[in-house]
Amino acid sequence: MYKKIFEGKKAVFFELEGAITKSTDGIKTKAFKKVMEPLYLEYIDPDPYCKNGYTFKEIWESLLYANKLEKKFNVKDLVEKTQEAYLELINDQNFNPETLDGFWELSYELKEERNFKLGLLTNLPRKIEEVLVKKLDIANVFDLILCEDDVRKAKPSPEIYKKALRILKIKAGEALTFESSIPGAQSAEKAGVGTLIIWDQKTRRSFFGEKYLEISIDFTPYPGSLDETQEEYIARSMREAVEDKKRRQSNNITPSV
């Protein structure tokens, strides 16, 4: 079903937060609330600002600007405190993140059966990325891991994708990526990398632009479906449906006495 998308490709990239795992949903909001409370900012709900794909700096700048507080606080200090609060939450022994359905099957098929290079490209800072990667036990999956610390400009800048392509020595047209956020999709599009969206079922699809190739809520549609085109998949499904109908009709025939 996805043969035309994956054909001729050499690498697939993944976003961590919101794509490989959704177990981090809500953690940013909790971290921001923890930092905001002693600053008497608890009257502000940080949740609308804490979207996947945006850096801690971008979230704080947007939150402060929207509430006319940008001149009252040092963003760098707020970012550091919020990252530490986030780390405390994910380092908790009760936090056991899980990969999204289909991730292990797809990554195995791509890496072991098709010899694809796999990369993890995230806007999260390294100290957070490393904890999540360790807890998810996915380090060995990837040939390349790049995070916010590795680039001058985070997504939606295309810099992280361009750097990954240079390191792997491939062209943009030879890569695909699974993104889950608006800045992530914009970054990939600017870099010329074909984008497949892992959708949270909340973000309006139109916000991802018009150039993404596919959209799904997890990875389950892809494993075992990379050798067929959509037309071939439909034709096979129809043949199987007809054959199944014939079998059921045959089983229902009452033999004459």
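Data block above holds the structure.
Residues numbered from 1 in each chain as written. Predicted model: local features only at pLDDT ≥ 70, side-chain atom pairs only at ≥ 80, totals over all residues. Heavy atoms only, no water.

**Q** It is not clear to me how the overall build of the protein should be interpreted in this structure. Could you clarify?
**A** The number of helices and strands found in the protein is nine helices and six strands. Taken along the three principal axes of its C-alpha coordinates, the protein extends 90 × 50 × 35 Å. Long-range contacts, defined here as pairs at least 24 residues apart, represent 69% of the contacts in the protein between residues at least 6 apart. Of note, the protein has its 42 positive side-chain charges centred 4 Å away from the centre of its 44 negative side-chain charges. (Helix = DSSP H or I, 4+ residues; strand = E, 2+ residues; numbered from the N terminus. Contact = heavy atoms within 4.5 Å. Lys, Arg positive; Asp, Glu negative; His and termini not counted. Charge placed at Lys NZ, Arg CZ, Asp CG, Glu CD.)

**Q** Would you take a moment to explain the nonpolar core for this structure?
**A** The tendency in soluble globular proteins is for nonpolar side chains to be buried side by side. Ranked by size, the top nonpolar core spans 53 residues in total, and within it Phe 6, Phe 14, Trp 60 and Phe 178 carry the most contacts. In terms of residue count, helix α4 (residues 75–91) provides more of this core than any other element does, seven residues in total. When sequence neighbours within four positions are dropped, the list of residues in contact with Trp 60 reads Phe 32, Val 35, Met 36, Val 75, Leu 78, Val 79 and Thr 82. One finds Ala 11, Tyr 161, Leu 168 and Val 193 within the second-largest nonpolar core, a separate group that totals 17 residues. (Core = buried A, V, L, I, M, F, W, Y, C linked by side-chain atoms within 4.5 Å. Buried < 20%, exposed > 50% of the residue type's maximum accessible area, 1.4 Å probe, protein only.)

**Q** Explanation requested: the pairing of strand β1 (residues 11–14) in the structure shown.
**A** For a regular strand, side-chain orientation follows a simple rule: the groups alternate between the two sheet faces. Residues Ala 11 and Phe 13 point to one face of β1 and Val 12 and Phe 14 to the other, with burial holding for every one of them. Note: β1 against strand β2 (residues 117–121), four bridges, orientation parallel. Opposite Val 12, over in β2, you have Leu 118 as the bridge partner. By the bridge criterion, four bridges tie β1 to strand β4 (residues 175–179) in an arrangement that is parallel. (Pairing = 2+ DSSP bridges.)

Everything listed here is a matter of coordinates, which is why it stays silent on function.
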